[in-house]
Every structure is written in C-alpha cells, then in structure tokens.
Amino acid sequence: MEEKNVNSGQKRSLINKSIQSIGEIGKIPPQAVDIEEAVLGAMLLERNAVNDAIDILEPESFYKMEHQKIYAAIKDLFGHSENIDILSVTEKLRKKGELQLVGGPGFIASLTNRVASAAHVEYHARIISEKYILRSLIEVSSEVIKNAYDETKDVFNVLNEAEDGLFKIAEGNLKKGYSGVKELVKEATDEIEAASKNKDGVSGVPTGFTDLDRLTSGWQKSDMIVLAARPGMGKTAFVLSMARNSAIEFGQATAIFSLEMSNVQLVKRMMAMETGISSEKLRKGFTDPEDWEKLHSRLSNLTDAPIFIDDTPALSIFELRAKCRRMKMQHDIQLVIIDYLQLMTAGTKGGNREQEISTISRSIKEIAKEINVPIIALSQLSRSVETRGGDKRPMLSDLRESGAIEQDADMVVFIYRPEYYGLDQDENGLPTEGIGEIIVAKHRNGSLDTVRLKFIKELTRFDNLDAFDTMDYGTSFVPNKDFDNSSDTITLGSKMNDDDIPLGNNLDDIPF
C-alpha cells in the first residue's frame, strides 16, 4: 500500500507541475474516472464489450494508473484469445506482480458493480479517448510554451516539435473505421460514372502524354508511383514536363519536393520548356532583344500555374507529411512529386540503410492514402544495369537499396533512352535518337507496356511523338531552329551517384 501511495504522489506532482507550467493553477486535467470504471466493468462482464472498445482505447487512454494496468491485462488476454473475466484478469495481474498495485482482487471485482450492461460501452470508450486527447494537447502545449520561453532553442526546431507533437496525437487517436459494401459500391459507381464522362478515358491526374494517359488512365488517387532510372536518363526532366502539363493544361495543383536541385534551378528548367530558349542560354544569359522578348512573352502560363516547389534538403518523412497536409488544405494539391526518394531521411535512429528506405517507402504510401492524391517518388537504379550486357534495359530487380520500394509501389515506371548507351536503333529497327521510353514494369491495377516519347535535350523536356512536329512552344518556337547549338553542351550523370560524375564539369547541364 505504501508503494501505491508513492506512485500516486508522484502522479499528482507531475500533474501539478504540468498545470503550473501553463498558468492554469486550480484546474485538473480532463478526466472521466467513473466512465473508465464502467467501461472496465463492462469488459469484465461481456466479451462483446471488449470487441467494441479494444480498437478505440490504449492503456494510456485511461486517467488512473490502476485503470491503465487493468486494461493492459485485458488487452493482453484478448491478444492471446483467452477468456476475459474477473478471475482471468486477476490472475494475469498477479503474474505480472501488479495485483496489489491496482487495489487487489476486491477492487477488480467491484468494477462489475459500476455498470448494469455493456450496451453503451463504445460510446463511453470514445468519451475516455476524447479526454485523453485533451490531456495530450495540454501536455504538448505545456512543452511548446516552455520551449518558446527558452531563448536558446531554435525557433524552427520549436515549431517542428510542436507540429510533431500534434500530429502524433492525431495519428494515435483518429482511426478510420470500416465501411459497408453498400456505401462502397455507390462510391465506386459514382467514380465509374464520372470516368465515363471523360472522352479521353482519363479518370486520374493527366500527364499530358497521350499514350501514357491511355495506358494508366492518369495517375490515380492514393497511388504511390515509383519513377526509376540511371543518372542522366531524364527523371527530373520527365516529371517537370509532366508537372507542367498537369498544372498548365489541366489545372491540377502540383507539389514538387526537390531534395537535390534548388527551386530556382527547377524553375529555370521549366522556363526553358515553356519558352523554347535552351537551358544553355538561360544559364549563361543573353543580350539579344529578341530573346528577352521571347522570354517575357511566353512565361504568362508558367507564372500563373498552380505549381508549388519545396527544396528543403534531407527532407524527413515527418516533414513531408506535414507539408503535404498543409498544401492539401491550402491549395488542394492533386499531385505530389518527390525528387528523389533516396535523399530522404526516416527521422529514426538505429537500423541500416535498407530498413530506413523501407520505412520511407512505406510512409510515402501511407501519406498518399491519407491525403488521397498520387505521389510520384523518383528513385535510383543500382549500377548492375551498367554491368549487364545487351541493351541495358532496366528491370524491377535493379531498384536500389530495398525490395520494399517495389512492394509498396502501385506502379513502377522506368525511363530508358537507348541512345545514352550508343544504340542508334531499337529491336524493331526504329531510330532511337531523341527517343525516351517510358516502361511501365509494375501496374497493380492495369496492364504493362512501353510508351515512346520525344526527348528534347536542349530544353530537357519530354513530349508526345505525334505532337512534336506541330507543337507550339510558347508562340512561335520551332524545334531545332531556335536552339543555340553553338555551345559545347554535354550530358552528365546525376549527383545521385557522386562517383559517376567526371570532375570539372558543370552540373547545371545534367538532364537528370
């Protein structure tokens, strides 16, 4: 009994300290002790009560320490499919050495006298959960206030810790329930009806690449799409071309998280795509008045495009989740692009790189489901592609560092440019110069195929093959005419593999 009093005293001390730190002296934390006793009593009386409350509550959801330990014993018995009643719970607590700590067999037996039936146990369990959320908010707020007064703390670290605490509360308590097939059939029927009204058959976020949209019906909500290739194949060029098409041509708000290139570098790439002025000219600058006129006259579409770029380096999964949530609320983003997955951090300590990549991959899929938008994550392929004979066409086993990437992805798409390896013809005898192949190697909800696109190296841009000759780049751009071909532009590997980059070359020319 003495041990119990000490623990209770410590608990009161912690509570008082928390209250004082936020200036709320005289108030006690939100609680519902009577309801806690009623819920525990119902669970000891009826098995159905356990089924109703077990996925709503955790031991820490209870205010009193004694109730926490009793519920933990009930949950342990439930997990092992054992009977749950006064005797079994009492025995469980005795084996754990906690029986006297909770008040002995008499207190456990008395809980069943606090409830007449288990009819409302789910409703009562949600009250307990709500009180716990309020207590957690007080605890987080108290810590935020303490840190805010500490001038040695970095203000952005304080902000991140505050967001982290709030999101952890939400993730731990706001759980999605099940849905009946009747409601799901109606929802699915509505989606089919909406898709049937689209003459082009695109039900998701369109890419602007006709054959690719025909194959995928657009990027679908909640899908995780992995876009992988070796350095220099044009991963960044492809997603920027796609982001440009989605945002400008179809009005789909797009978020781009660039962990490698700065936001200004990316915008310069997009300016080259939109104006038809080569990346070389944009980087070096120009004095020709016609170039300046062309630059200013063709940027209105890009300037007004709903594209949002975040170039935070070493972005963590938590930061990605928080930023995506905010962008979804503020701008209703419909597509997220991450360039690239292997530069992210899991934000956890310990474990090897493969485990970290697995955590990152799994979390990206969870975020896609949570905000209900497709997420395209760029990924690196292993060097085994280069050592392989033949045409070096990529395959699923080439995905780098973790098999979890292939497992978690709804789609795996490769970019392959045969001319990169000096191949001037493909297996069908067709010329490969300026051709990029988009290989759909995994498609959880559709078929597999390869789509051929035109790759315009001078603009680091991909386009439809059939639209290339007639495409109006800005106003009067004609491919291979407005390019400044006098420069000695070269194509290099990405910084994704530092040892692939020849020293002394300018990284601004990389088409990623």
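What comes next concerns the included structure.

Calculation criteria
Residues numbered from 1 in each chain as written. Predicted model: local features only at pLDDT ≥ 70, side-chain atom pairs only at ≥ 80, totals over all residues. Heavy atoms only, no water. Helix = DSSP H or I, 4+ residues; strand = E, 2+ residues; numbered from the N terminus. Pairing = 2+ DSSP bridges. Axes fitted to C-alpha atoms, helices over the stretch in contact; angles between N-to-C directions. Contact = heavy atoms within 4.5 Å. Expected span 1.5 Å × (residues − 1). Buried < 20%, exposed > 50% of the residue type's maximum accessible area, 1.4 Å probe, protein only. Salt bridge = Lys/Arg side-chain N within 4 Å of Asp/Glu carboxyl O.

## Digging into the environment of Asp291
Here's step 1: Tracing the backbone through its elements, the reader meets Asp291 in helix H14 (residues 289-297).
Here's step 2: Along the chain, Asp291 and Lys281 lie 10 residues apart, while their C-alpha atoms are 9.2 Å from each other.

## Notes on the sheet that holds strand S4 (residues 335-339)
Here's step 1: What the 9 strands build is an open sheet, ordered S3-S2-S4-S5-S1-S6-S7-S8-S9; its pairing is mixed. Where the open sheet ends on each side, the last strands, each with one partner, are strand S3 (307-310) and strand S9 (461-464). Each strand axis lies, on average, 25 degrees off the axis of its neighbour in the sheet, ignoring direction.
Here's step 2: Strands in contact with helix H12 (residues 263-275) are strand S2 (254-258), S3 and S9; relative to S3, the strand with the most contacts, it is inclined by about 145 degrees.
Here's step 3: Along the sheet face, helix H16 (residues 317-331) touches S2, S3 and S4 and points at about 155 degrees away from the line of S2.

## Focus: helix H7 (residues 121-149)
Here's step 1: Taking 1.5 Å of rise per residue, the 29 residues of H7 would be expected to cover 42 Å, and the 42 Å separating its terminal C-alpha atoms lies within 8% of that figure.
Here's step 2: Residues Val121, Ala125, Ile127, Ile128, Ser129, Ile133, Arg135, Ser136, Val140, Ser142 and Asn147 constitute the buried set of H7.

## Quick look at the pattern of salt bridges
Here's step 1: Across all of its chains, the model carries 20 salt bridges by this definition.
Here's step 2: Taking the shortest distance from any N to any O, the salt bridge between Glu98 and Lys96 comes out at 4.0 Å.
Here's step 3: For Lys96, a relative accessible area of 39% gives the class partly exposed.
Here's step 4: One salt bridge connects Arg417 with Glu419, and the closest N-O pair in it is separated by 3.6 Å.
Here's step 5: One network of salt bridges, in which partners are shared, links Arg321, Arg325, Glu366 and Glu370.

Any functional reading would require information beyond the geometric quantities listed.
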